[in-house]
Amino acid sequence: MHTKRKSKTVDMVYIAIFTVLIAICSWISIPTMVPVTLQTFAVFLTVGVLGGKRGTMAVLIYLLLGSIGIPVFANFTGGIGILAGTTGGYIIGFLLTALLMWGMEQLFGKKTWVLALSMVLGLVLCYTFGTAWFMVVYTGSTGAVPLATVLGWCVIPFIIPDIIKIGLALFLCRRLSKVMEY
């Protein structure tokens, strides 16, 4: 009984720490032509280190905190208006990424290649959902915009930085998984 309670406490602590890590990484903005945050890196790292269930819980808690107005999103923003805005689909896409990574973990295990593939596919899912969301919201408020234009604004500038984030997350996942208590 004591071990089970300790295990749940450890789980809650790890989930809380990684929820905070996602928030902190969302505030870190690398100034380039199109500013890049470390949100996707934090999502990949969180699910990669904590595993699908706990990692997805951390991402969900991050989204819930942001949706009620706590400024955990990029540029210290929060609120349902951010999620309903043009970039909200990408933020919601973080949860879809976590769920996909969890599903692949369940199907194929925790091998490095599975983790790498799940990160890439999760990123593609996040891009796809976020871009579709952007187009619907943008069209509703401003007017129609071609898909190629939206990809040029919202996806193409982020591909190389996101690939680098996946590489860094994979490296750190392997290192952290060896030293963290489970």
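What counts, and where the lines are drawn
- Counting of residues starts from 1 at the beginning of each chain's written sequence and follows it residue by residue.
- Thresholds applied to this predicted model are a pLDDT of at least 70 for local features of residues and 80 or more for the giving and counting of side-chain atom pairs; totals over whole chains, interfaces and linings are not thresholded and use all residues.
- Excluding hydrogens and water, the side-chain values take into account all heavy atoms of the structure.
- Numbering of helices and strands runs from the N terminus; a helix is a DSSP stretch of H or I covering at least four residues, while a strand is a stretch of E covering at least two.
- Taken over C-alpha atoms, the radius of gyration is set against a globule rule of 2.2 Å times the number of residues to the power 0.38.
- Three labels apply to residues, based on accessible area from a 1.4 Å probe with only protein chains included: buried if under 20% of the type maximum, exposed if over 50%, partly exposed otherwise in between.
- The accessible surface values rely on the Shrake-Rupley method and a 1.4 Å probe; as for residues, cover is taken only from the protein chains in view.
- The charge count includes Lys and Arg as positive and Asp and Glu as negative, but it does not include His or the ends of the chains.
- Where a charge lies is defined by one atom per residue type: Lys uses NZ, Arg uses CZ, Asp uses CG and Glu uses CD.
- Any two residues whose heavy atoms approach within 4.5 Å are treated as being in contact.
- Two distance rules govern patches: like charges are joined within 9 Å, and nonpolar side chains (Val, Leu, Ile, Met, Phe, Trp, Tyr) within 5 Å, applied only to residues with over 30% relative accessible area and no salt bridge.
- The term salt bridge refers to a pairing of a side-chain nitrogen on Lys or Arg with a carboxyl oxygen on Asp or Glu at a separation within 4 Å.
- What counts as a disulfide here is a pair of cysteine sulfur atoms lying within 2.5 Å.

Engineer: Can you lay out the overall build of the protein for me, pointing to particular residues and giving the numbers?
Structural biologist: Along the protein, the regular secondary structure elements total eight helices and two strands. Its helices and strands taken in sequence order, the protein reads α-β-β-α-α-α-α-α-α-α from the N to the C terminus. Computed over the C-alpha atoms, the radius of gyration of the protein is 17 Å, within 12% of the 16 Å expected from 2.2 N^0.38 for a compact globule of 182 residues. In terms of its C-alpha atoms, the protein occupies a principal-axis envelope of roughly 60 × 35 × 30 Å. Going through the 182 residues of the protein one by one, you find that 41% of them count as buried. Looking at the protein as shown, the accessible area adds up to about 9600 Å², and 76% of this sits on carbon and sulfur atoms. In the protein, which carries 12 positive and 4 negative side-chain charges, the distance between the mean positions of the two groups comes to 5 Å.

Engineer: Explain the environment of Val137 residue by residue, including any values.
Structural biologist: Looking at the secondary structure, you find Val137 in helix α6 (residues 112–141). For Val137, a relative accessible area of 23% gives the class partly exposed. Residues contacting Val137, with those up to four places away along its chain left out, are Ala84, Gly85 and Thr86.

Engineer: Can you tell me about a nonpolar patch on the surface, naming the residues and giving the values?
Structural biologist: A cluster of nonpolar side chains, contributed by Val20, Ile24, Trp27, Ile28, Ile30 and Phe76, occupies part of the molecular surface with about 520 Å² of accessible area. Here Phe76 lies in the loop between α3 (52–67) and α4 (80–84).

Engineer: Explain the state of the cysteines to me, using residue names and the numbers behind them.
Structural biologist: Applying the stated rule across the entire model yields zero disulfides. Take Cys173: it sits in no disulfide, and the sulfur closest to it among the cysteines is that of Cys25, at 12 Å.

Such coordinate-based values are descriptive only and should not be taken to indicate function.
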